[in-house]
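# Per-entry structural report
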Amino acid sequence: MNMTISREDVEYVAALARLELTEPEIQEYTEQLNSILDYAAMLERLDTDDVVPTAHAVPIHNVLREDQVRPSINHAKALRNAPDGDEGFFRVPRISLT
Amino acid sequence: MVVANQFEMVCGLEVHVELQTKTKIFCGCTTEFGGEQNTHVCPVCLGMPGALPVLNREVVNFAIKAGLALDCEIAEFSKFDRKNYFYPDLSKNYQTSQFDLPICGKGGLEIEIDGEKKWIGITRAHMEEDAGKLVHSGETISTSNESSVDYNRAGVPLLEIVSEPDMRSIPEVLAYLEKLVQILEYTEVSDCRLEQGSVRFDVNVSLRPFGTDTLGIRTETKNLNSFSSVRRCMEYEVARQARVLNAGENVVQETRTWDEGQGITLTLRSKEEAHDYRYFPEPDLPPLVIDKEWVERIRKTLPELPAARRARLQTLGLSAYDAAVITQAKAMADFFDEALTYYTDAKTLANWVMGDMTRLLNSNQCSVVDSPISAKQLAELLQLINKGTLSGKIAKSVLEEMYSTSKDASMIVKEKGLAQISDEGALLGIIDGVLAANPQSVEDYRAGKDKAIGFLVGQIMKATKGQANPGLVNQLLKEKLA
């Protein structure tokens, strides 16, 4: 297998995604990600010189709405799924790690 | 600044401008400022699973308009991207922004410092959503165990305008910002209310020894919201970097924050902690194709921009300085132009607008938009001076009365009997009285003391409470004394 993704890459991406991985998980994901990339590498054999880069999977553009105010939802609805809230505010735990 | 002798400053700016739409960029929630917390929200701007964003057409219109005013290329094809980061000011864990294909490409504007003109390049401008507001439980974010979030502002449309690192001094930076904000205000894409955070500045600064071409290591100070903060922050940052370099050390590339109270910048995050935003195309928003016809339609809505307006006023006889003062704010320039349709002497009008009118507005902390005196009313007052109904001096007091009552000048003149006395018969009677009461002055004048006539004129003006037509008084008096 072509090892495009190193274990450092996996650790880095996991840290960005705030995931804590065990040693076996790091190994497993490194292998899996490489295998996925290897599979996708098949595409590199195609000649894409005349193909326009794809910005979106669906071939549509300019889906727009007019600038007209629509009703918002109320506090209670907005906060219904929030783990914590207070007086109409969402409340989040400590942000700074320092 | 001492450092100016050793180092050259290099500065580029990112300016975030809130666009003045009625609704947010991707949903129909109102953009109104204030409002009780989390009442201008919906599943889209709260990032609820399954909610789909739809782009507000007016945001695109405003972005094109601002781009054209800033001489930018308008991209035929642009798209949105997700900028991924974990911070609760947005509930989605990403900000919808534009990465590699922004709506506006290269542009720029001209500044002038001490008569020297300089072009400041604009790299790009892109559309994105604003974030919510955090209130921390403690004094600062690092001493807070929890924070409260209000998402009313989340999703308000922003245009981020990125300049080239073309500025070499603090006055250049301030001139660029003033010009930029002035142009945006003219286009009316933003209310440009700095005190409400409608415009926010990120400042990138580095130093390098004079004569070198390579750029020094820069710092970025984020989220400044006034010109004075920008100036103070840059003064501090330039001095700090010079100290670091003079000590033989390297400036650390990092993001800093401005502490307004202490007047210093502080490390927010270093390069090692720098965000890796992992941009990728926003799958929920199809791309944007802007054809020439759309761009031309918007171009037609562009107002006369400040530079063109200044030039036009100068052709009407205003000095460069006067033209700059009048066009500083669009509202004042509009007031001036409206008055000009009723009163054509631009120079006299400018004197009144810049002088008494501005003084009255300023002392009442009133903006010209809310002026109790309309442009048409001011023009009528000046016409009364031209017709000889009012002397310039009395017109000033009439203007004050107009300001407090919003009445027309002619009505005040009628009610208070302020009209200038230009009736020869009436004036002759008064002149006779004054001459009879002051035989010594009459004798002095006839003996060749020209000054004596001034005293007599003063007495006549006093007797008429300043309402006598001064030209006519002089003429009649000389005839009498001849």
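It should be emphasised that the depicted structure is a prediction, and the values quoted were computed from it without experimental measurement.

## Quick look at the side chain of B:E128
Residue and element names in this part refer to chain B.
- Along the chain, the position of E128 falls in strand β7 (residues 116-129).
- Engagement of the side chain of E128 in a polar contact is seen with the side chain of H126, the distance being 3.0 Å.
- The contact partners of E128, leaving out residues within four places of it in the chain, are H16, I25, Q95, T96, S97, V156, P157, L158 and E160.

## Details of the nonpolar core
All names here are of chain B.
- V60, M127, I161 and Y176 are the most contacted members of the largest nonpolar core, which totals 85 residues.
- Here the element with the most residues in this core is helix α3 (residues 170-187); it accounts for ten residues.
- Ranked by size, the runner-up nonpolar core spans 38 residues in total, among them L313, A323, F335 and L390.

## Here we look at empty space enclosed by the protein
- With the rule as written, the count across this model stands at one cavity of 30 Å³ or more.
- A volume near 30 Å³ is recorded for the largest cavity.
- Around the largest cavity, the lining residues are A:N62, A:V63, A:L64, B:L55, B:F80, B:L285, B:P286, B:P287 and B:L288.
- In the lining of the largest cavity, the residues fall into eight nonpolar, one polar and no charged.

## Observations concerning the packing of helix α11 (residues 392-405) of chain B against helix α12 (residues 409-416) of chain B
Residues and elements named next belong to chain B.
- Where α11 meets α12, the axes come as close as 10 Å, and the angle between the chain directions of the two elements is 110°. With respect to α12, the axis of α11 lies roughly perpendicular. Between α11, through V398, E401, M402 and T405, and α12, the contact on the second element is made entirely by A409, I412, V413 and K416.
- Here the residues of the contact of α11 with α12 sort into five nonpolar, one polar and two charged.

## Details of the interface of chain B and chain A
- With 55 residues of chain B at the contact, the number on the chain A side is 32 residues.
- Where chain B abuts chain A, roughly 3700 Å² becomes buried across the two surfaces, and 59% of that area is made up of carbon and sulfur atoms.
- Summed over the shared surface of chain B and chain A, the result is two salt bridges.
- When the shortest N-O distance is used, the salt bridge between A:E66 and B:R57 registers 2.9 Å.
- Applying the counting criterion to the chain B and chain A interface returns 23 residue pairs in polar contact (both at pLDDT 80 or more).
- Contributions of two or more residues to the side of chain B that touches chain A are made by β2 (55-56), α2 (57-69), β8 (133-136), β9 (146-150) and β16 (288-289) of chain B.
- A total of five residues in the side of chain B that touches chain A trace back to one element, the largest contributor, which is β9(B).
- A per-class count over the side of chain B that touches chain A returns 28 nonpolar, 16 polar and eleven charged.
- Across four bridges, strand β3 (residues 89-93) of chain A lies against β9(B) in antiparallel orientation. Among the inter-strand pairings, A:P93 is bridged to a residue of β9(B), identified as B:E146.

## Side note on the environment of B:K396
Residue and element names in this part refer to chain B.
- You can see K396 is positioned in helix α11.
- Take K396: its relative accessible area is 39%, and that puts it in the partly exposed class.
- Taking C-alpha positions, K396 is 9.2 Å from W352, a pair spaced 44 residues apart along the chain.
- Ignoring sequence-local partners within four residues, the contact set of K396 consists of W352 and D356.
- Only 3.0 Å separates the side chain of K396 from the side chain of D356, close enough to count as a polar contact.

## Description of a nonpolar patch on the surface
- The grouping of A:Y29, A:L33 and A:I36 at the surface amounts to a nonpolar patch, some 260 Å² of accessible area in total.
- The residue A:Y29 is located in helix α2 (residues 23-40) in this model.

## So, the sheet that holds strand β4 (residues 81-84) of chain B
Residues and elements named next belong to chain B.
- If you trace the three strands from one edge of the open sheet to the other, you get β5-β4-β15, paired in antiparallel fashion. Two strands bound the open sheet, and with one partner strand each, they are β5 (94-97) and β15 (280-281).
- Note that β4 and β15 share two bridges and pair antiparallel. Of the residues in β15, the one forming a bridge with R82 is F280.

Each value, and the rule that gives it
Residues numbered from 1 in each chain as written. Chains lettered and ligands numbered in written order. Predicted model: local features only at pLDDT ≥ 70, side-chain atom pairs only at ≥ 80, totals over all residues. Heavy atoms only, no water. Helix = DSSP H or I, 4+ residues; strand = E, 2+ residues; numbered from the N terminus. Polar contact = N/O pair within 3.5 Å; in protein donor to acceptor, adjacent residues only side chain to side chain. Contact = heavy atoms within 4.5 Å. Core = buried A, V, L, I, M, F, W, Y, C linked by side-chain atoms within 4.5 Å. Buried < 20%, exposed > 50% of the residue type's maximum accessible area, 1.4 Å probe, protein only. 1 Å grid on protein atoms, 1.4 Å probe; cavity = no way out; pocket = protein on both sides within 12 Å on 5 of 7 lines; lining within 4 Å. Points joined across faces, edges and corners; volume = space filled by probe spheres on them. Nonpolar A, V, L, I, M, F, W, Y, C, P; charged D, E, K, R; others polar. Axes fitted to C-alpha atoms, helices over the stretch in contact; angles between N-to-C directions. Parallel < 35°, antiparallel > 145°, perpendicular 65-115°, else oblique. Buried area = accessible area lost by both parts, 1.4 Å probe. Salt bridge = Lys/Arg side-chain N within 4 Å of Asp/Glu carboxyl O. Pairing = 2+ DSSP bridges. Patch = residues over 30% accessible without salt bridge, like charges linked within 9 Å, V, L, I, M, F, W, Y side chains within 5 Å. Areas by Shrake-Rupley, 256 points an atom, 1.4 Å probe, with all protein chains shown as cover.

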